[in-house]
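Residue strings, one per chain:
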Amino acid sequence: MITIKYFASLRTIAEKEEDSLDIENPITIDQLSDIISKTAPKMGAIIREKKVMISVNQEMASADTIIHDGDEVAFLPPFSGGAK
Amino acid sequence: MSTTTDSKVRIQLEDFSVTDEIEAMKKVSRNIGGITTFLGTGREMSKGENITKLNFEHYPKMAEKKLEEIRVQSIKDFGIIDMSIIHRIGPIDIGENIVLIVAVGEHRAETFKACEWAIAELKRTTPIWKRETTSTGEVWVQDTP
């Protein structure tokens, strides 16, 4: 099972903070976005259009990063911490 | 979320004392000759709108990890003696402290450079998000370079 986390503005779009998904074999981020698109098309489109950053186990990832059982995937909108 | 005050990298709900944080860093070495600080605070106006409240959210563990990477890289690249980085999360009122960076070194030049790089890098790489509340509603800020 993988854990999927949504932060900040993406939480509203995904309509959830966290999700989990059973995978039989390792999949890529691209494949995960296809799975997400089936139930949440708007979220899937945002991922495919690269409007968000993605991390796997708290490390930045890319479309071809492979996700394994037990991994934590997070979708991260553009950061805005700090101060101008 | 770390609440220990002896850690040099912290993300916390509660406010911090700039004086206490500087004093703590002065104890790191007797060779410190220059200290540069950056303090970010809650601003009332944003894009012509009055902000009534700010709220910060972070990705626990990853955000702390990124701040520690920035600290280590600052020491390595700029030759400073040490650096502390504290960022608050949760609701923050106008005028309140948000983020503090304290860079300590033998001389001022490297601490100025390290401090400026560190805040820019924090904004670029650290998963922390700001939500502004104005009279027209709430918005997640996504375009602050």
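Residues numbered from 1 in each chain as written. Chains lettered and ligands numbered in written order. Predicted model: local features only at pLDDT ≥ 70, side-chain atom pairs only at ≥ 80, totals over all residues. Heavy atoms only, no water.

Novice: Could you give an account of the side chain of Lys130(B), naming the residues involved and the relevant values?
Specialist: Note on placement: Lys130(B) falls in strand β8 (residues 128-134). In this structure Lys130(B) is buried but unpaired, with Glu132(B) as the nearest side chain of opposite charge at 4.1 Å. Setting aside its immediate chain neighbours within four residues, Lys130(B) contacts Ser80(A), Leu54(B), Asn55(B), Phe56(B), Val139(B), Trp140(B) and Val141(B). (Helix = DSSP H or I, 4+ residues; strand = E, 2+ residues; numbered from the N terminus. Buried < 20%, exposed > 50% of the residue type's maximum accessible area, 1.4 Å probe, protein only. Lys, Arg positive; Asp, Glu negative; His and termini not counted. Salt bridge = Lys/Arg side-chain N within 4 Å of Asp/Glu carboxyl O. Contact = heavy atoms within 4.5 Å.)

Novice: Account for the pattern of salt bridges, naming residues and giving values.
Specialist: Residues and elements named next belong to chain B. Within this structure, the stated rule accounts for 15 salt bridges over all chains. The shortest N-O distance in the salt bridge between arginine 88 and glutamate 96 comes to 3.3 Å. Using a relative accessible area of 5% as the deciding quantity, one classes arginine 88 as buried. Arginine 131 is the partner of glutamate 138 in a salt bridge, and the nearest nitrogen-oxygen pair spans 3.2 Å. Judged by relative accessible area, which is 52%, glutamate 138 ranks as exposed.

Novice: Residue-level account of the interface of chain B and chain A, with values.
Specialist: In this complex, chain B contributes 29 residues to the contact, which on the side of chain A involves 21 residues. Between chain B and chain A lies a buried interface of about 2200 Å² when both sides are counted; carbon and sulfur atoms form 55% of it. Between chain B and chain A we count 2 salt bridges in total. For Glu57(B), the salt bridge goes to Arg11(A), with nearest N and O atoms at 2.8 Å. Viewed at the interface, chain A and chain B are joined by 10 residue pairs in polar contact (both at pLDDT 80 or more). Within the residue set of the side of chain B that touches chain A, elements represented by two or more residues are β2 (34-41), β4 (49-58), α2 (62-78), β7 (97-105), α3 (108-125), β8 and β9 (137-141) of chain B. For the side of chain B that touches chain A, the element with the most residues is α3(B), which contributes 5 residues. Residues that form the side of chain B that touches chain A fall into these classes: 14 nonpolar, 8 polar and 7 charged. (Buried area = accessible area lost by both parts, 1.4 Å probe. Polar contact = N/O pair within 3.5 Å; in protein donor to acceptor, adjacent residues only side chain to side chain. Nonpolar A, V, L, I, M, F, W, Y, C, P; charged D, E, K, R; others polar.)

Novice: Break down the sheet that holds strand β5 (residues 59-61) of chain A for me, citing the residues and quoting the values.
Specialist: Residues and elements named next belong to chain A. In space, the 5 strands of this open sheet follow the order β2-β1-β7-β4-β5, with mixed pairing throughout. The outermost strands of the open sheet, each flanked by one partner alone, are β2 (18-21) and β5. Ignoring strand direction, the axes of neighbouring strands in this sheet form an average angle of 30°. In the sheet, strand β1 (residues 2-6) pairs with strand β7 (residues 72-76) via 4 bridges, with the strands oriented parallel. What sits directly across from isoleucine 4, in β7, is valine 73. (Pairing = 2+ DSSP bridges. Axes fitted to C-alpha atoms, helices over the stretch in contact; angles between N-to-C directions.)

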